[in-house]
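# Residue-level structure breakdown
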Amino acid sequence: MIILIRLSSHLGTTMYYFISSLSFIDLCHSTVITPKMLVNFVTEKNIISYPECMTQLYFFLIFAIAECHMLAAMAYDHYIAICSPLLYDVIMSREAHFYLIFGMYTISLVCASAHTGCIFRVHFCKFDVINHYFFDLPSLLNFSCSSTYANELLVLIFSAFTILAPSLTLLGSYVFTIASILRTLRIRSTEGRSKAFSMCSSHILAVTIFYGSAAFRYLQPSSVSSMDQGKVSSVFYTIIVPMLNPPIYSLRNKDVNVSLKKMLMKIILF
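Residues numbered from 1 in each chain as written. Predicted model: local features only at pLDDT ≥ 70, side-chain atom pairs only at ≥ 80, totals over all residues. Heavy atoms only, no water.

## Side note on the packing of helix H2 (residues 14–42) against helix H3 (residues 50–83)
Note the cut-off: Only the stretch in contact is used when a helix axis is fitted, and all axes are lines through C-alpha atoms; the angle between N-to-C directions ranges over 0 to 180 degrees. In DSSP terms, a helix is any run of H or I states spanning at least four residues, a strand is any run of E spanning at least two, and both are numbered starting from the N terminus. Angle categories are assigned with fixed cut-offs, so that under 35 degrees is roughly parallel, over 145 is roughly antiparallel, 65 to 115 is roughly perpendicular, and the rest are oblique. By the definition used in this description, the sense in which the near helix is turned from the far one sets the handedness, with an anticlockwise turn below a right angle giving left-handed and a clockwise turn giving right-handed. Classes in brief: Ala, Val, Leu, Ile, Met, Phe, Trp, Tyr, Cys and Pro nonpolar; Asp, Glu, Lys and Arg charged; the others, Gly included, polar.
At a minimum axis distance of 9 Å, the contact between H2 and H3 shows a crossing angle of 155 degrees. By the angle class used here, H2 and H3 are roughly antiparallel. Every pair of crossing elements has a handedness; the one defined by H2 and H3 is left-handed. Grouping the amino acids of the contact of H2 with H3 by side-chain chemistry returns 17 nonpolar, five polar and four charged.

## Considering the nonpolar core
Taken as a class, soluble globular proteins show a tendency for nonpolar side chains to be buried jointly. Formally: Residue types Ala, Val, Leu, Ile, Met, Phe, Trp, Tyr and Cys, when buried and joined through side-chain atoms within 4.5 Å, form a set referred to as a nonpolar core. Each residue is placed in one exposure class: buried if its accessible area under a 1.4 Å probe, protein chains only, is under 20% of its type's maximum, exposed if it is over 50%, and partly exposed if it falls in between. Note on contacts: a residue pair qualifies if any of its non-hydrogen atoms lie within 4.5 Å across the two residues.
Among the nonpolar cores identified, the biggest contains 59 residues, and Phe60, Met70, Tyr211 and Tyr249 are the most heavily contacted of them. Looking at this core, the elements that each hand over two or more residues are helix H1 (2–7), H2, H3, helix H5 (94–119), helix H6 (137–141), helix H7 (149–183), helix H8 (190–218) and helix H9 (227–250). Considering every element that reaches this core, the biggest residue donor is H3, with 18 residues. Sequence-distant contacts of Tyr211, defined by excluding residues within four places in its chain, comprise Cys68, His69, Leu71, Ala72, Thr162, Ile163, Pro166, Ser167 and Leu170. Of all hydrophobic cores here, the second largest spans five residues; its members include Ile65, Cys111, Cys118 and Phe158.

## With respect to the environment of Tyr105
For Tyr105, the location among the structural elements is in helix H5. Under the relative-accessibility criterion, Tyr105 is labelled partly exposed at 23%.

## Comments concerning the side chain of His97
Checked against the element boundaries, His97 lands in helix H5. According to the relative accessible area criterion, His97 is buried, its value standing at 14%. Here His97 is in contact with Thr14, Tyr17, Phe18 and Ser21, once residues within four sequence places are set aside.

## Thoughts on the confidence of the model for the protein
Basically, it comes down to this: pLDDT is defined as a per-residue confidence score from the predictor, taking values between 0 and 100.
Per-residue pLDDT for the protein averages 77, and the proportion of residues at 70 or more is 82%. Mean pLDDT across the elements of the protein bottoms out in H8 (69) and peaks in H5 (88).

## Notes on H5
This is how it is decided: In this analysis, the expected span of each helix is defined as 1.5 Å times one less than the number of residues it contains.
In this model, H5 (26 residues) spans 38 Å end to end at C-alpha, consistent with the 38 Å of a helix rising 1.5 Å per residue. Looking only at H5, the buried set comprises Ala96, His97, Ile101, Met104, Ser108, Cys111, Ala112, His115, Thr116, Cys118 and Ile119.

## Comments concerning the packing of H3 against H5
The contact between H3 and H5 brings their axes to 8 Å, and the two run at 145 degrees. Where H3 crosses over H5, the handedness of that crossing is right-handed. Contacts between H3 and H5 involve Met54, Leu57, Tyr58, Leu61, Ile62, Ile65, Ala66, His69 and Met70 on the former and, on the latter, Ile101, Met104, Tyr105, Ile107, Ser108, Leu109, Cys111, Ala112, Ser113, His115, Thr116 and Ile119. The residue makeup of the contact of H3 with H5, split by class, is 16 nonpolar, five polar and no charged.

## Structural notes on H3
Taking 1.5 Å per residue, 34 residues should reach 50 Å; H3 reaches 50 Å between its end C-alpha atoms and fits that length. Burial analysis of H3 places 25 of its 34 residues in the buried class, the great majority of the element.

## What about the packing of aromatic side chains?
Put simply, the test is: Pairing of aromatic rings covers Phe, Tyr and Trp, the last counted by its six-membered ring, and requires centre-to-centre distances within 6.5 Å; plane angles under 30 degrees mean stacked, over 60 mean edge-to-face, and any other angle means tilted.
Here the structure, examined in full by the defined rule, presents five aromatic pairs. When the ring of Tyr58 is compared with that of Phe59, the centres are 5.5 Å apart and the planes differ by 80 degrees; the resulting orientation is edge-to-face. Between Phe98 and Tyr99, the aromatic rings sit 5.5 Å apart at their centres with planes inclined by 65 degrees, giving edge-to-face as the arrangement. The burial state of Phe98 is the same as that of Tyr99; both residues are exposed.

Structure, rendered in structure tokens:
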């Protein structure tokens, strides 16, 4: 998907740059988790060192938080594309895209550094076996011998900032977008309305799975949640969503399908 968008001249709008950025985040997000998980499936002893644990946690947080804000930025991009198509190139310029991506990664780095740094002050006991397929904040805090009040408070604060704030942006963007489509103020043709609904529905599907599973995992105290529930919800936002995003945003997009067919024809002919 990243290569297709970079090489195709028909996919040069900001919307496709956002999709390319999301594909990169999904690639990095799954790379942090999946290889080690697959190795654990085929080895008898699943061993990981403490530095490797902290490194996995740090990069997982970076790309998970980045995906939260990227989905919100894409919702805003869809809102501008549907409700103000004539001003789209002005509002969503290359500079705007750069500043949005820069701000997104800045927030991700700050939050991930704060979480990881706060973990280093925790004293662990019985740190032998973790009932999880990767090192997540709640699973690590279960092994603490010291107080985890500050860590749990930090999780709730940053989770509210990285889940609730983008969720409000998503909700507001799609409320105005759907209202505009229904009123047909900007999109008067049936084909235009169908294209707008298709673009919004694919994004809403990905957002619902990702935000729903992440909120279920992080926006509840550790005394309420169980480890088995945490593992099930974690599978969705670490494996299923990165796996589903490429077909969701490519196979249902007519422009992407046309560009893909042209590229495949060039490869076959040459």
